[in-house]
Amino acid sequence: MDRFLLFGIILVAVLELTAGQTKNCCSPDQWQGLQSVTIERQWGPEYKVNYLSYDYTNQRVASFVNFTDISGHVSSYETLELYSGPNSCTLYYLDLKTRKCFVDKLPLSFRRFCVPDLVQKVGDFTLGTATESLPVTVYSITGQNTTSQVFITVTRNLCIPVSQVKVSDIKDVYMSVDGYADIQLGIKQPSVFDVPPECKGAIPLYSDKYTIYYYYDYTNQRRAFFWNFTYSDGEVLPYEILVLYSGPNVGYCN
């Protein structure tokens, strides 16, 4: 099983922290576009390129992702989050290489792309030149009891996300940068929300019962995760992920 399913492939960003009204702006109800994510870790970067389809009207999100880990390994997968209809609160994860599908329940209700109330406005700015410019607004959030900070940039008129920069004081994560490009309003390809044939008829693999043991070794630059997942029929599945940041086997092992 891919490790991303274990962490829960759910579209969670600072722009989505509000579920209802906000004193700030919200993005259009339907749009599609590219999202690129760079995560700078202490021992190397990780990259994600995602074609994202966001549909607040029908409460669903579709993503087609290429993810590159610190060892250079590339994973390609599709995720489909359905929050309404006959398959409501269901997450589908399809490995595009093996065509293997996993299904899980979504633990949260749909989160709209809005700038949350807890932000502070940094200011209004203009990207580009006088002849080719984009008016934007920048907001910031500072974490409580931490030096972590997030900067959010959206277009001034339609509140379309432009970028999100997170600066963290966590030991192994220094910074992550999200960028958005080629945003098109509306849903040009409704078929992206179709449940993949490999996933039809599947039922959630796990219940909500699980135990996680976490080991962190800064001295030798390694981490280990041990899960005990409980099936809906009571069977327990043990699972391990070993992350090595140094030595001949740098990368992920599961």
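Let us look at the structure shown here.

Some remarks on the overall build of the chain
- When its secondary structure is counted, the chain shows 1 helix and 15 strands.
- Out of the 254 residues in the chain, the part that is buried amounts to 42%.
- The contacts in the chain between residues at least 6 apart in sequence include a share of 47% that link residues at least 24 apart.

A few points about the pattern of salt bridges
- Applying the stated criterion across every chain, the model contains 4 salt bridges.
- In this structure, the salt-bridge partner of Arg112 is Asp29, at a minimum N-O distance of 3.0 Å. Of this pair, Arg112 sits in the loop between strand E6 (101-105) and strand E7 (120-128) while Asp29 sits in the loop between helix H1 (3-7) and strand E1 (30-41), placing them 83 residues apart in sequence.
- In this structure, Arg60 and Asp55 form a salt bridge, with 2.7 Å as the shortest nitrogen-oxygen distance.
- Using a relative accessible area of 0% as the deciding quantity, one classes Asp55 as buried.

Observations concerning the environment of Val61
- Among the secondary structure elements, Val61 is positioned in strand E3 (residues 60-68).
- The buried category is assigned to Val61, whose relative accessible area is 4%.
- Separated by 18 residues in the primary sequence, Val61 and Thr79 have C-alpha atoms spaced 8.2 Å apart.

Cut-offs and rules
- Residues numbered from 1 in each chain as written.
- Predicted model: local features only at pLDDT ≥ 70, side-chain atom pairs only at ≥ 80, totals over all residues.
- Heavy atoms only, no water.
- Helix = DSSP H or I, 4+ residues; strand = E, 2+ residues; numbered from the N terminus.
- Buried < 20%, exposed > 50% of the residue type's maximum accessible area, 1.4 Å probe, protein only.
- Contact = heavy atoms within 4.5 Å.
- Salt bridge = Lys/Arg side-chain N within 4 Å of Asp/Glu carboxyl O.

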